[in-house]
Amino acid sequence: MKKMTSAEIRQAFLDFFAEMGHKVVASSSLVPGNDPTLLFTNAGMVQFKDVFLGLEKRDYKRAATAQKCMRVSGKHNDLEEVGPSPRHHTFFEMLGNFSFGDYFKRNAIRFAYDCLTQVYGLDPDRFYYTVHYSDDEAYDLWISEVGADPGRIARLGDKSNFWQMADVGPCGPNSEIHYDLRPEEGPAEFDEDSDRWIELWNLVFMQFNQDETGKRTLLPRPGVDTGMGFERLVTLLQGAASNYDTDIFMPIIERTQALAGQTDAERKANYVPYRVIADHTRAAAFLIADGVTPGNTGRNYVTRMVLRRAARFGRKLGFTAPFMAEVADAVIEHMGAHYTELVEKRDAVRAAITQEEERFGRTLDRGLAELGGMLDQLEAEGQTTLAGEQAFFLYSTLGLPLELTQDVAAERSLSVDQAGFRQATEAHAVASGAGKAMGEIDQAGFYNELLDDLKAQGLLSDEGVRHDPYGPLAFESTVLALVRDGQRVDSVITGERVEVVLPETHFYVEAGGQVSDAGTLCGTGGAQWGIDVEEMRRPVGGLVVHVGEVVEGTPRAGDKVRAAVDAGRRWDIMRNHTATHLLHSQLRAVLGKHVQQAGSLVAPDRLRFDFSHGRPVTAGELERIQMAVNEAILADMPVMPIVKELETARTEGAMALFGEKYGEQVRTITVGDPGDRYSYELCGGTHVERTSLIGPFIITNEESVAAGVRRIEAVTGRGALALMNRRFRLLQSAADLLGVAPGEVQRRLQSLQDEVKNNKRLLAQLRQRLAHGEFAALMAAKTQQIGGAAVLAAQVDDADMDTLRQMADWFRDKNKTGVMVLGTVVEGKPQIVAAVTDDLAKRGVRAGDIVKQVAQMVGGGGGGRPTLATAGGHDPDKLPGALAQAPKLVADALKG
């Protein structure tokens, strides 16, 4: 048995099958792109389903993958086992090789056996095998192909040895390889329920497609689908006590331990929480990287549920604040080299995890206390099952997922009425007045009716909702209406998306390039609930709605509410918005007055400014613009909003956004003193009061977005400081690696580049000398005399076409009369060169004729000049035989 890291084990599998002629295919997403019957990708063959069905063709017939998988619902639900079990996981990797009408049972069995014994060094005397009771072919092949002892082959039924991905789709008999963990107990009859054996590899022989009625028909091209659990294989090869003791999970567990500040002894005593956190954080990181963020339904609910379950186990280790983003970093650091999407989406993964922890953290302690009281009462009454209505209350009001409630109950040997929970969920949907889905109704008509109804009730004035985004960031109000899924409802529960109408609001609604505000709505006056406001909308004139998710309690129409704009986020937006005005002014000053704004985005994390300009902005111009904007910021100029007549503003020279519609009264933003304006624009956005509040300004990108339109992206304030810190850390890291001071990095890199360039030149010279020497030896050994001419026909390894042409020159330098035919294999395709000396070419011996005849023997063709010709082919196995015919072709040409 070979000692290998998990990364080496994964790569060794892929390398082995690449050598066996398989195409190494990247893992597909956890979200199946071609199968609506699956919630998640749960096996390696999912991305190849249409290939097995004959609905899709690919340019390869053999494939190998390391596939990301999830099993948390339906027939493959392992959730309750995750933690206590040493081998169960939500997310896992599946190693697999596949044949699409190419090889079948014989090769599948041979490949699996060779991989386990030769690549990983496993002892075949510890292998046991299973086959379907009807599969005589597989049974005989294990005996005849690899010499398996018939006493180690078990014939089993459909439950164990007939595989199907789902109720419909490809299926067929399978054969499994099991490994004996306790051979010292002596020979024994295989028992699939015994923990003495561990399943290593499942070989599925895809012969049928099963339809909705259960009818099975032969697939157009029978194939092979194999799967080997990566975590289980690593555990075996590393001699670990459990999957969690391997280098797959230990870096994640050790990161959790460091954050918790516990000793190794404490970690081992609390192994279940550590396992749950490691498994669930890993699953969440991969889910979010594939676009499955926490939510209340479908796949998104799974992400929410695993994060909340992990958060609850985090409480057992003493965590009271968000911590899983730091744990996710360990996942990314350890697995990002192979699954690069983790590195690319690192910021999104961290942000989504932290946001979910913060939301759940507000109600987790209350929820657990409520549940504890319910379970205490249950035990006092001598009952063992928590009512479904109570579990639904915990979910709808305090956000406790059913699975988490079941965990806590199970720890006290109690259960939860799942059927009752589902009934309570359905009853809520009816009681809350849910109607048609949003896509099924006339949106504008619905919101107009809502607005008219609120006005008729005297809850709104004729002008509608009073919208003042320049007022206080926190204010008291009343919930006038709730909208869920396009339907007005009386109440909503935790986890549901909702639109809230207030009689007034100070939240900014997206307009003029500036994004909406975000913030919170919290019930007051005895109504404990909370809504995270994620965006604002104005569906029809006079109506503004706060769009978000209920994170606590049960908001109801008529409740008193305290609304609060996210002040930090608003400040970041204001800094970026005022900075766009400064940028606009400097673009016109540096590039010319032809510059006009063509669009913009003002977000909390960045600003984007599109403008008319016919060429790229040079590095020098960008530097001047950036410096001028920062000087304007340091000048601490006032930023003054003034409302005035549109015509007056235009007469005064205020800049307007092309294509924007303005009323008779407009809001203007002046930067600088009125008598000496630095910038003067029409703008309804929010701004800082003085330029010095913007902080640093850094341009991050300049590019073309359309003909005659350029785009600049930049950051300010906190975003700019974060960028500077990241860049300084990178510079310091590079300096440390190079062993120089930060100011010497450029000089040292230039020196290293010069060294590399010189070494490449020397290496090329050495390779040429080596090749010349090897070719001289080849000529001495293989050149033969035919009709007074030197003839060399040979295959050369590790050479490209340029090298073959150079060898032709060396041959003609050495031989005044002669013919050379050389062949090589480049990327699986034969390449051939023929060279003829001038005297023989004049006698009618043509290189083009010779190379063409040789190429035909390898399924190709070619041609060229009489003295030098090249050709290619398709069958590399026939190249040696084709080259062996070259001397006869030369002899025939000389006779002619």
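As a starting point, this report considers the structure included with it. (Residues numbered from 1 in each chain as written. Predicted model: local features only at pLDDT ≥ 70, side-chain atom pairs only at ≥ 80, totals over all residues. Heavy atoms only, no water.)

## Focus on a negative patch on the surface
Here is the rule: Residues qualify for a patch when their relative accessible area is over 30% and they have no salt bridge, like charges being joined within 9 Å and the nonpolar side chains of Val, Leu, Ile, Met, Phe, Trp and Tyr within 5 Å. Only the protein chains shown count as cover for residues, and all accessible areas are computed by the Shrake-Rupley method using a 1.4 Å probe. When a carboxyl oxygen of Asp or Glu lies within 4 Å of a side-chain nitrogen of Lys or Arg, that pair is called a salt bridge. Only four residue types enter the tally: Lys and Arg on the positive side, Asp and Glu on the negative side, with His and both chain ends excluded. The atom standing in for a charge is NZ when the residue is Lys, CZ when it is Arg, CG when it is Asp and CD when it is Glu. Helix and strand definitions follow DSSP, with helices as H or I runs of at least four residues and strands as E runs of at least two, each counted in order from the N terminus.
A cluster of acidic residues, E189, D191, E192 and D193, forms a negative patch on the protein surface. Secondary-structure assignment places E189 in the loop between β7 (169-180) and β8 (197-210).

## Focus on the sheet that holds strand β25 (residues 665-673)
We apply this condition: We treat two strands as partners when DSSP finds at least two bridges between them. Note on geometry: axes are C-alpha line fits, over the in-contact stretch for helices, and angles between N-to-C directions span 0 to 180 degrees.
The strand order across the open sheet built from three strands is β24-β25-β26, with neighbouring strands paired in antiparallel fashion. Every interior strand has two partners, whereas the edge strands, β24 (639-645) and β26 (676-682), have only one. Pairwise comparison of adjacent strand axes, ignoring direction, gives a mean angle of 30 degrees for this sheet. Relative to β25, β24 is paired through seven bridges, and the arrangement is antiparallel. Residue pairing across strands places M640 opposite T670, the latter belonging to β25.

## Topic: the pairing of strand β23 (residues 607-612)
Regular strands place their side chains on alternate faces of the sheet. As judged from the five bridges shared by strand β22 (residues 597-602) and β23, these two strands associate in the antiparallel manner. Paired with S600 across the two strands is F609, which belongs to β23. Hairpin connection of β22 to β23: four residues between the antiparallel strands. In terms of strand pairing, β23 meets strand β28 (residues 709-716) through six bridges, oriented antiparallel. From the neighbouring strand, S612 faces β28, where its bridge partner is V709.

## Observations concerning the packing of aromatic side chains
What counts is decided by this rule: Only centres within 6.5 Å qualify two rings of Phe, Tyr or Trp (six-membered ring in Trp) as a pair; their planes then separate them into stacked at under 30 degrees, edge-to-face at over 60, and tilted for everything else. Here's how the labels work: a residue is buried when its accessible area is under 20% of the maximum for its type, exposed when over 50%, partly exposed in between, all with a 1.4 Å probe on protein chains only. Only when the NZ atom of a Lys or the CZ atom of an Arg is both within 6 Å of the ring centre and within 35 degrees of the ring normal do we say a charge sits over the ring.
A full pass over the atoms with the stated rule returns 28 aromatic pairs. Between F13 and W201, the ring centres sit 5.8 Å apart and the planes meet at 50 degrees, which makes this aromatic pair tilted. Of the two residues, F13 sits in helix α1 (residues 6-19) while W201 sits in strand β8, which places them 188 residues apart along the sequence. Look at W201 and you get buried, because its relative accessible area is 0%. Aromatic pair Y60 and F100: ring centres 6.4 Å apart, planes at 50 degrees, arrangement tilted. Of this pair, Y60 sits in the loop between α2 (49-52) and β2 (62-70) while F100 is found in strand β3 (residues 91-100), placing the two residues 40 residues apart along the sequence. For the pair Y60 and F100, a shared accessibility class is recorded, and that class is buried. Among the aromatic residues, those joined into a ring-pair cluster are F13, F16, F17, Y103, F111 and W201. For the cation-ring pair, R667 lies above Y470, with the distance from its terminal atom to the ring centre recorded as 3.8 Å.

## Topic: the nonpolar core
Convention followed: We call a set of buried residues a nonpolar core when its members are Ala, Val, Leu, Ile, Met, Phe, Trp, Tyr or Cys and they connect through side-chain atoms within 4.5 Å of each other. Contact criterion: two residues are considered in contact whenever any of their non-hydrogen atoms come within 4.5 Å of each other.
With 114 residues, the main nonpolar core has Y120, W142 and W201 as its most contacted residues. Residues contacting Y120, with those up to four places away along its chain left out, are M1, K2, M4, I9, A12, F13, C115, M228, L233 and L237. F507, V533, V547 and V550 belong to the second-largest nonpolar core, a separate cluster that totals 36 residues.

## Comments concerning helix α27 (residues 886-895)
Because an α-helix packs 3.6 residues into every turn, residues spaced three or four apart end up facing the same way. The complete set of buried residues in α27 reads A886, P887, L889, V890, A891 and L894. Taken together, the buried residues of α27 touch β29 (784-786), β30 (789-795), β31 (818-826), α24 (838-842), α25 (847-856) and α26 (879-884).

## Notes on the packing of helix α21 (residues 717-738) against helix α22 (residues 745-782)
Operational definition: Oblique is the label for any angle not covered by the other classes, which are roughly parallel (under 35 degrees), roughly antiparallel (over 145) and roughly perpendicular (65 to 115). Crossings are sorted by hand: turned counterclockwise from the far helix by less than a right angle, the near helix makes the crossing left-handed, and turned clockwise it makes it right-handed.
Here α21 crosses α22 at 50 degrees, and the two axes come no closer than 10 Å. Taken together, the axis directions place α21 and α22 in an arrangement best described as oblique. The element α21 and its partner α22 pack so that their crossing is left-handed. On α22, the residues touching L731, A734, A735 and L738 of α21 are V745, R748, L749 and L752.

## Some points on the pattern of salt bridges
All told, the structure shown has 58 salt bridges when counted by the stated rule. Linked through salt bridges whose partners overlap, the residues forming this network are R304, R308, E356, R359, R362, R497, D532, E534 and E549.

## Notes on the pairing of strand β21 (residues 560-565)
Across the two faces of β21 the burial differs, with V561, A563 and V565 buried and K560, R562 and A564 not buried at all. With five bridges joining them, strand β18 (residues 519-523) and β21 adopt antiparallel strand pairing. Opposite L521, over in β21, you have A563 as the bridge partner.

## Structural notes on the sheet that holds β29
The strand order across the open sheet formed by six strands is β29-β30-β31-β32-β34-β33, and the pairing between neighbours is mixed. Both outer strands of the open sheet, β29 and β33 (861-864), are each paired with one neighbouring strand and no more. The sheet shows a mean angle of 20 degrees between the axes of neighbouring strands, direction not considered. When strand β32 (residues 829-836) meets strand β34 (residues 868-872), the two strands line up antiparallel, connected through five bridges. Across the sheet, residue Q831 finds its bridge partner in β34, namely G872. Where α22 meets the sheet, it contacts β29, β30 and β31, and its direction lies at approximately 115 degrees from that of β30. Against the sheet, helix α23 (residues 801-814) engages β30, β31, β32 and β34, with an angle of about 160 degrees to β31.

## A short note on the side chain of R62
Here is the rule we go by: Two N or O atoms form a polar contact when they lie within 3.5 Å of each other; inside protein one atom must be a possible hydrogen donor and the other a possible acceptor, and for residues adjacent in sequence the pair counts only when both atoms belong to side chains.
Relative to the elements of secondary structure, R62 occurs in strand β2. Separated by 2.8 Å, the side chain of R62 and the backbone oxygen of M20 make a polar contact. Not counting the four nearest positions on each side in its chain, R62 is found in contact with M20, G21, H22, K23, F98, F100, D102, Y103, N107 and F111.

## With respect to unusual backbone geometry
In this structure, D485 is a non-glycine residue whose phi angle is positive, near 55 degrees. Within the secondary structure layout, D485 lies in the loop between β14 (481-484) and β15 (487-489). Of note in the backbone geometry, E827 takes a positive phi value of approximately 50 degrees without being a glycine. With respect to the helices and strands, the residue E827 is situated in the loop between β31 and β32.

## Here we look at the environment of R216
Along the polypeptide, R216 turns up in strand β9 (residues 216-229). For the pair R216 and Q732, spaced 516 residues apart in sequence, the C-alpha separation works out to 64 Å. Of note is the side chain of R216, whose polar atom sits 2.9 Å from the side chain of Q210.

## Points about the state of the cysteines
Note the cut-off: Two cysteine sulfur atoms form a disulfide, by the criterion used here, when they sit within 2.5 Å.
A complete count under the given rule lists zero disulfides for this structure. We note that C171 lacks a disulfide partner, and the nearest cysteine sulfur, in C69, lies 19 Å from it. We classify C171 as buried; its relative accessible area is 0%.

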